[in-house]
Every structure is written in structure tokens, then in C-alpha cells.
Amino acid sequence: MQGTSYIQISKSAYKRNLSYIRQEIGEHPIISAVVKGNAYGHGIENMVKIAESAGVRHFSTFSVDEAYRVFHASKHRSHIMIMGMATEAQLDWVVENGLSIFVFGMDRMEKILSIAKQKGKKAKIHIEVETGFHRTGFEWSEREKLSKLLIENLDHLVLCGLCTHYAGAESISNYVRVKEQIETFHKFKEYFKSKGLAFSLYHTACSAAALTYPETVMDMVRIGILLYGFWPSQETYMAKYKHLLTQTTKNPLKRLLSWKSEIMSLKEVKMGDFIGYGTSYMAPRNMRIALVPVGYAHGFSRTLSNLGKVLIHGKIVSVVGTVTMNSIAVDITELRNVKPGEEVVIIGKQKSQELTVASFGETSQQVNYELLTRLPQDIKRTITT
């Protein structure tokens, strides 16, 4: 049954973004499509289908529940890598089904070894090392104990990768910190090599690092936000801007997501009356407003009260009054012949106008990542060409 709004995901835009990324990183590295946060709000099942149709065969998730969805959505037995949360019971499922997982502490290392031995199956692991993010990863001081444990248990493990994650690669202010992290990773790499431990893949680059620190592009890159058509930050875009000026387009990325609703009802408001809850908006003239059945319960932030915009009849119109749980009021006084049931574009194009996710971020202080991942999973998502 149709809800109060719907999301459209463009397959052709994804392929275009993938082509640009491949152009930047070269043909050799594996691209692991990051689908954490419900594929950045786009829907895991939809994105696995689109990505596999474009030739992607490697996916990264944060947690096992996300990996489970990828596992059942994949039609090509694509490789699935879990970068974060897993309970002991979930680790059993991971090993049983041949998924790979980040190991970043001795407790997980011991649990996964125990499961592998019990099942008689090799556990596929990526050793994550701490290089300066201070979130997850084996410390330098743990290297001897870790290498000894790995060597003793090679019959029970597949060393899929050695990896880390850089803190702040999207900002030039973190340049020194990122460079130090790169050096630390190579120290770990050389240490393990000296112990005879070789990993199938060395991977450290996220979207931002892959674009701004070419030396981080190794055997695989973990690409999230770029695949969905967004730059990790304005600084990342500006780092490429001079080169892009020589291209046919100044922005090679194309967003996948459009979010649309429809007009629920119309109302006349007299000058001096307040619109919505409280007294945040007083009509400065006789007005006509349209009610749109999308509110903060649907991911349209309450901070957009009296600030947000939508498109109706190809015109940008303003949110007036407080964003409520289930609806917003927009000023359509200047529009003619507006009727209930007509299309409202929240994110996307209508005629010659466009509202982007970035425009929401600028208004509400939300970054692209936050706004996208807050879109509820129960909003219907469909794939378009």
C-alpha cells in the first residue's frame, strides 16, 4: 500500500558514478560498495540489485544484520565484508556462511577462532589496525601477541585483508594527521610481512581518501557516499575542481535519490493568523497554503520549520510554521490552479528547478550522510532507469 511519500533510485546515475570512481582509482583496485546505514538511506536491497547489475561483486556493511540483508539480496554470491558490530551468535552465522569480518580486538579474535575450530571451517578475517582514529583496531603494542596468534592458527583462518580507517580524510585541516596514519599503517604492514604473514588485500581508503590521498588506493577501496552521487565534503570537491574544469561537466557525480510526495489538502489563511503549532509563523498577508503529508517522522527535520523548501508546479515554495510529526505547510499563494493530489518534490527535479540533499544540509545543519540515513526504511523505494 502506498505511503505518504516515496523515493526513486536511479540506476543510470549509479553507473555514471561508478565509472567516475573507476576513472579516478584505476582498473586494478576492487571497489567494495559500502551499504551501511540502509545503503545511506537508499535501501540495501535496491542498492545490491543496482550495484550487481553494474558489475560490483563486493559489499561492505557495518553490522551483521545489514550483511544478512545483502546476503539474501545478492544474486551473484557477492563477497560481503562486515566492518563493525557482531554478537557471538552472529559470528557463528558469519563463519558458517563464509562472510568476512573485521577483527580489531583480542576478544573477537578468540571468539572467531573458537567458532572456526568448532565448525571445522576457516574464518575469513580482515585485521584492522589502529593508526590514529582511536575507534577500533589493534594497537601497535599488541602486534607481537597478535602475529603469534595468527601464525599458530593459520589452519583455521583466511587472512583476507589488513586494513585501517583514516580520521578526517575529507578535510585539509587533518592533512598531517592522515599522513601520520598512512605511515603507521605501512609500519604494521612491514611488521607482519617480516613475520611471514601475507594478506590477500591491503585496504585503507574510503571515498575521501581515495580521491585526495592517491597513495591510500591499494588492493581495494571502500566507497560509500561517492557511489550515491555526493562528495564527502566541499573540500574534497574543490580538490578536484581545477581538473574538472577541463572536463565536459564540472560535477561528474549524479545523485541517485529523489524523494516525492503529494498535496494532501489546501487552506486559506487570513493575514495576522498563526499557522501551525505555537506562534512561530504569523501570516503577513492573506495566504493560501498546501498541506504535504511528510514530517519529522519521515525524516523531514523539525529544524526546517520556517526554513525548508519543496517544489510544486516547478516552483520553489517555502515551509511555513512548525514541521510536525506527519506534515508540513507550504506557502502556495503565488501559484495558480494548485490541486490536492499534485506532485510535491522534496528532493529532486521538477521542470527546470532542483532541490538537492545539500540544500537541506545547508538549511538544517545536517550533513548529507545524516539526512540520507535518517530517511525511514518504510518509505517505499523504487528503481528507475
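First, a word on scope: everything that follows refers to the structure included in this document. Note that the coordinates shown come from a computational prediction; the quantities given were computed from them, not determined experimentally.

Bringing the packing of helix H7 (residues 143-152) against helix H8 (residues 175-194) into the picture now. A pair of packed helices can be characterised by two numbers: the angle between their axes and the separation between those axes. The contact between H7 and H8 brings their axes to 11 Å, and the two run at 45°. What the angle tells us is that H7 and H8 run oblique. Our pair here, H7 against H8, has a crossing hand that is right-handed. Contacts between H7 and H8 involve Arg143, Glu144, Leu146 and Ser147 on the former and, on the latter, Phe188, Tyr191 and Phe192. Its residues assigned to classes, the contact of H7 with H8 comprises 4 nonpolar, 1 polar and 2 charged.

A few words on the packing of aromatic side chains. Across all of its chains, the model carries 14 aromatic pairs by this definition. Taking 5.4 Å as the distance between ring centres and 50° as the angle between the ring planes, the aromatic pair formed by Tyr68 and Trp93 counts as tilted. Of this pair, Tyr68 sits in helix H4 (residues 64-73) while Trp93 sits in helix H5 (residues 88-96); the two residues are 25 residues apart in sequence, bridging distant segments of the chain. Among the residues examined, Tyr68 registers a relative accessible area of 43% and is labelled partly exposed. Taking the centre distance of 5.8 Å and the plane angle of 75° together, the rings of Phe192 and Phe199 count as edge-to-face. Assigned by exposure class, Phe192 and Phe199 land together as buried. Put simply, the rings of Trp140, Phe188, Tyr191, Phe192, Phe199 and Tyr202 touch in pairs and so form one group of aromatic residues. Over the aromatic face of Tyr191 sits the side chain of Arg143, whose NZ or CZ is 5.5 Å from the ring centroid.

Parameters and conventions
- Residues numbered from 1 in each chain as written.
- Predicted model: local features only at pLDDT ≥ 70, side-chain atom pairs only at ≥ 80, totals over all residues.
- Heavy atoms only, no water.
- Axes fitted to C-alpha atoms, helices over the stretch in contact; angles between N-to-C directions.
- Helix = DSSP H or I, 4+ residues; strand = E, 2+ residues; numbered from the N terminus.
- Parallel < 35°, antiparallel > 145°, perpendicular 65-115°, else oblique.
- Left-handed = near helix turned anticlockwise from the far one by under 90°.
- Contact = heavy atoms within 4.5 Å.
- Nonpolar A, V, L, I, M, F, W, Y, C, P; charged D, E, K, R; others polar.
- Phe/Tyr/Trp six-rings, centres within 6.5 Å; stacked < 30°, edge-to-face > 60°.
- Buried < 20%, exposed > 50% of the residue type's maximum accessible area, 1.4 Å probe, protein only.
- Lys NZ or Arg CZ within 6 Å of the ring centre and 35° of its normal.

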